[in-house]
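Observations on the model geometry
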Amino acid sequence: MGDIILDIDKVDKTFGGLHALADIDLKIEEGKIHAIIGPNGAGKSTLLNVCIGRLEPDRGTVRFNGEIITGKKPYEINHAGVVRVFQTPEIFPDLSLLQNVMVPAFAKRDGTFKFNFWKSLSSEKAIREEAEQVLNDLGLGEHLNHHAGSMSRGDKRRLELAMGLIQHPRLLLLDEPTAGMSRHDTNRTIELLTRIKERGMTKIIIEHDMHVVFSLADTISVLAQGRIIAQGTPDEIRGNPKVQEAYLGGAEL
Amino acid sequence: MSMPTLKNDLAIMVLFTAAVLSAPLWLAPIGADYPDLLQKFAIYGIFAVGFNILFGLTGYLSFGHAAFLGVGSYTAVWSFKLLSMNVLPAVALSVLMAGVFAYLIGFISLRRSGIYFSILTLAFAQMCYNLAYSVLTPITNGETGLQLANDDARVIDTLFGISYDGLPSTTLFGLEMTGYPGFYFCAVLLILGFFLSLRIFHSPFGMKLRAIKSNQTRMVYTGYNTKPYLLTAFVISGMYAGLAGALLAVTDPLAGAERMQWTASGEVVLMTILGGAGTLIGPLLGVGIIKYFENIFSAMNVQQLTEMFAFLPDWLGKIAVTLTNPFVGEGWHLTLGLLFMLIVIFLPGGVMEGMRRIAAIPRKLKQRAVPKPTPATEEK
Ligand SMILES: Nc1ncnc2c1ncn2[C@@H]1O[C@H](COP(=O)(O)OP(=O)(O)OP(=O)(O)O)[C@@H](O)[C@H]1O
Ligand SMILES: [Mg+2]
């Protein structure tokens, strides 16, 4: 087994009476793609929220690269190397696509705060070229100067993926990255994600599309009602009767 | 929304400088070429350009910027009284002092966003107003306002052996800051202030401020601590307000508490929105329009209206005068309110949006002939 990059240890979270996460234990190996699947409301997004500091767990800790990140500020967690792509696209709707990708690139280079007001954007060639490159990779190269807010939902998702990728995170958390995309765009995204897998970026991906899950994931966890009910390789999960009952509705995979 | 280039910036600055310096010429046809009004344009221009750095870029709507205007004026008058009638120390100290106030008020107000932020800034400004009006009378001279006196210390002037007969006027190394020299002093500072704002607008810092306005949550998960960004923008815009306040004192060395009242804070909001918040030039257009019409409408009275409507039959003229009278003179604010309502309802992007729409008409006509699939966005 390789190094553990993310270690979720006995994490518990309740909302009022709802036990959204119950005693979650999960270890993610560096360089792997780990998929989290489960029915709606299972707690998948909540788990990611705990990982990026959007929510504090009631109990338990999350370690990233050996360091406890629970209780840290979201922007500190980002700089530690954890980047999230949200379920509903979180972009900068009033900026152009290029600017949307340049903003995270500046964060990566300049840190949490820098007062670089005398420099002109036009002299930031390196960052701009990198942003163009990433957008090209994702098939958004023709829309560099378009308003991000007026793009289709699928394009917004790809844009947000670009915003994540330009930061070269060590751990990328993807919350349903292909939802709302056409078959063609979905395939392209899968292809891209496989390609960057070779660069050694660890990924956690939440996905309802089993085609995507089984073609990408090295390991899978199945979440239902806040609990991990099964864990294993795609083949193991496919054959697990508990999973079929809880989530896949008995359907043949 | 393509990226700004250095060549573009240079062209903008050359045009802007030429336009400001030649204002007495091209404003002559509409009768706005006298120094008093020109100074007002320049001073409130600085105020609005600074306000736009906060409101236009970050979307944080401060309703308390007049506090910094007032702080600037008081500081400047004290500088005239204690140090020197030279305007440079007065301007420098005012900007600094306004910066300190903005830091303190901003630090607390920025713990909230949206309407709560606006209310906090409003509350702070009203506190400043009340303090200046009564509690701090030894510093502000309360209701009467802070004025120059014959026996002021003016240590720097005394040191250099400069003395005055009677009440002195403000100077720039001997050049009296009244009339056109006064305007040109304000104009140069407006040009510098505009240049700084241009740099900020086209810098990575400015882009990050826009990103905060667009989606602050996203900024936090993108690795930014947004608070220092907002505070920096707040302090910068407060310093612009302080500079404007100092210049008000330069052109008329007197500071009163009413300068800090909420109506003064509201005015800069109106001017910025009227012209077009978040655009470089918009706030200046707003200033120009409001200050020009204020000048015309507030000077009108029943006498003039009667003369204006003299061509109508007597009874109709009387009705016309009765109907229009509430909107002029003291009632100018009623006109301003109406104008503002119309703009916000029909043209939320202000005059700049109106001009953009007009500029887009030829293209739209062309598009109707040859439909294009994706609309490109143009630069703001
Ligand atoms: N901030 C919150 N406050 C209250 N309840 C919440 C909050 N966030 C999530 N929940 C609840 O917790 C449960 C788990 O939600 P979560 O979004 O994690 O599900 P999910 O597995 O991502 O589902 P989906 O597949 O629909 O995205 C749901 O019942 C949801 O209503
Ligand atoms: Mg979810």
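Residues numbered from 1 in each chain as written. Chains lettered and ligands numbered in written order. Predicted model: local features only at pLDDT ≥ 70, side-chain atom pairs only at ≥ 80, totals over all residues. Heavy atoms only, no water.

Here the focus is the overall build of chain B. The number of helices and strands found in chain B is 18 helices and 4 strands. Taken over the C-alpha trace, chain B has a radius of gyration of 23 Å; the compact-globule value for 380 residues is 21 Å, and the two agree within 12%. Viewed in the frame of its principal axes, chain B has a C-alpha envelope of about 75 × 70 × 40 Å. Of all 380 residues assigned to chain B, the portion counted as buried reaches 51%. Excluding contacts between residues fewer than 6 apart, the proportion of contacts in chain B whose partners are at least 24 apart in sequence is 76%. Element-wise, carbon and sulfur atoms account for 70% of the exposed surface of chain B, whose accessible area totals about 17700 Å². Positive and negative charge centroids in chain B, built from 23 and 19 side chains respectively, lie 22 Å apart. (Helix = DSSP H or I, 4+ residues; strand = E, 2+ residues; numbered from the N terminus. Rg over C-alpha atoms; globule rule 2.2 N^0.38 Å. Buried < 20%, exposed > 50% of the residue type's maximum accessible area, 1.4 Å probe, protein only. Contact = heavy atoms within 4.5 Å. Areas by Shrake-Rupley, 256 points an atom, 1.4 Å probe, with all protein chains shown as cover. Lys, Arg positive; Asp, Glu negative; His and termini not counted. Charge placed at Lys NZ, Arg CZ, Asp CG, Glu CD.)

Residue and element names in this part refer to chain A. In the first shell of the magnesium ion (ligand 2), the protein supplies S45 (OG) and Q87 (OE1), at 1.9 to 2.2 Å from the metal. Of the two residues, S45 sits in helix 1 (residues 44-51) while Q87 sits in the loop between strand 6 (82-85) and helix 3 (97-110), which places them 42 residues apart along the sequence. With a relative accessible area of 31%, Q87 lands in the partly exposed category. (Donors = N, O, S within 2.8 Å, 3.2 Å for Na, K, Ca; no water.)

Residue and element names in this part refer to chain A. Around ligand 1 sit 14 residues in total, of which N40, K44, S45, T46 and Q87 are the nearest. Here an oxygen atom of ligand 1 sits 2.8 Å away from a polar atom, N or O, in the side chain of K44. Between H208 and ligand 1, the recorded distance is 3.1 Å, taken from a side-chain N or O atom to an oxygen atom. In the complex, the protein chains occlude 62% of the 630 Å² of accessible area that ligand 1 would expose alone. Listing elements by their share of the shell around ligand 1, those giving two or more residues are strand 2 (18-29) and helix 1. In terms of residue count, the dominant contributor to the shell around ligand 1 is helix 1 (3 residues). For the shell around ligand 1, the class distribution of residues is 5 nonpolar, 7 polar and 2 charged. (Near = heavy atom within 4 Å. Polar contact = N/O pair within 3.5 Å; in protein donor to acceptor, adjacent residues only side chain to side chain. Nonpolar A, V, L, I, M, F, W, Y, C, P; charged D, E, K, R; others polar.)

Interface size is commonly expressed as the accessible area that is lost once the parts come together. In this complex, chain A contributes 45 residues to the contact, which on the side of chain B involves 37 residues. Surface buried jointly by chain A and chain B totals about 3700 Å² across both partners, of which 65% is contributed by carbon and sulfur atoms. Our enumeration of links across chain A and chain B arrives at 2 salt bridges. Of the charged contacts in the structure, one is a salt bridge between E160 of chain A and R218 of chain B, with a shortest N-O distance of 2.7 Å. The interface formed by chain A and chain B includes 17 residue pairs in polar contact (both at pLDDT 80 or more). Elements with a minimum of two residues in the side of chain A that touches chain B: helix 2 (74-80), strand 6, helix 3 and helix 5 (153-165) of chain A. In terms of residue count, the dominant contributor to the side of chain A that touches chain B is helix 3 of chain A (8 residues). (Buried area = accessible area lost by both parts, 1.4 Å probe. Salt bridge = Lys/Arg side-chain N within 4 Å of Asp/Glu carboxyl O.)

For the rest of this paragraph, the subject is the packing of helix 3 (residues 35-58) of chain B against helix 13 (residues 262-275) of chain B. Residue and element names in this part refer to chain B. Relative to each other, helix 3 and helix 13 sit at 75°, their axes nearing to 9 Å. Considered as vectors, helix 3 and helix 13 are oriented roughly perpendicular to each other. Residues Y44, F47, A48, F51, N52 and F55 of helix 3 lie in contact with helix 13, whose contacting residues are A264, E267, V268, V269, M271, T272 and I273. (Axes fitted to C-alpha atoms, helices over the stretch in contact; angles between N-to-C directions. Parallel < 35°, antiparallel > 145°, perpendicular 65-115°, else oblique.)

Membership of the largest hydrophobic core comes to 150 residues, with the highest contact counts inside it found for L135, L159, L161, L165 and I220 of chain A together with F80 and L247 of chain B. Sequence-distant contacts of L161 of chain A, that is, excluding residues within four places in its chain, are made with V85, L138, L172, L174, T189, L192 and L193 of chain A. In terms of nonpolar packing, the next biggest core, distinct from the first, is built from 27 residues, V50, F64, I69 and V82 of chain A among them. (Core = buried A, V, L, I, M, F, W, Y, C linked by side-chain atoms within 4.5 Å.)

The next point concerns the confidence of the model for chain A. Summarising the model, chain A shows a mean pLDDT of 89, and 96% of its residues fall at 70 or more. The element-level mean pLDDT for chain A is lowest in helix 9 (residues 241-246) of chain A, coming to 75, with helix 3 of chain A highest at 96. (pLDDT = per-residue confidence, 0-100.)

Let's shift gears to the environment of E330 of chain B. Along the chain, the position of E330 of chain B falls in the loop between helix 16 (314-324) and helix 17 (332-346). Residue classification places E330 of chain B among the exposed residues on the basis of a relative accessible area of 80%.

Attention now moves to helix 6 (residues 114-135) of chain B. All names here are of chain B. Between its first and last C-alpha, helix 6 extends 31 Å over 22 residues, near the 32 Å set by a 1.5 Å rise per residue. Inspection of helix 6 places F117, S118, T121, F124, A125, C128, Y129 and A132 among the buried residues, and these make up the whole buried set. For helix 6, the angular spread of the buried residues around the axis is 140°, confining them to a single face. Facing away from the buried side of helix 6 by more than 90 degrees, the exposed set consists of I115, Y116 and V135. Looking at the packing, one finds that the buried side of helix 6 touches helix 4 (66-83), helix 5 (87-109), helix 7 (137-140) and helix 12 (226-251). (Expected span 1.5 Å × (residues − 1). Arc of directions from axis to C-beta.)

Relative to the helices and strands, S118 of chain B is located in helix 6. Once you skip the residues sitting within four places of it in the chain, S118 of chain B turns out to touch L61 and F63 of chain B.

Residues and elements named next belong to chain A. Taken in spatial order, the 4 strands of this open sheet run 2-1-4-5, and their pairing is antiparallel. Because the sheet does not close on itself, it has two edges, and the strands there are strand 2 and strand 5 (67-68). Pairing geometry for strand 4 (residues 59-64) and strand 5, over 2 bridges, is antiparallel. Directly across from F64, in strand 5, lies its bridge partner E67. (Pairing = 2+ DSSP bridges.)

Per the counting criterion, the structure on display carries 20 aromatic pairs over all chains. For the ring pair F113 of chain A and Y229 of chain B, a centre distance of 4.7 Å and an interplane angle of 75° mean the geometry is edge-to-face. With F113 of chain A in the loop between helix 3 and helix 4 (125-137) and Y229 of chain B in helix 12, this residue pair bridges two chains. The partly exposed category is assigned to F113 of chain A, whose relative accessible area is 31%. Note on Y224 of chain B and Y229 of chain B: the rings are 5.8 Å apart at their centroids and 80° apart in plane angle, and the pair reads as edge-to-face. Under the relative-accessibility criterion, Y224 of chain B is labelled buried at 0%. (Phe/Tyr/Trp six-rings, centres within 6.5 Å; stacked < 30°, edge-to-face > 60°.)

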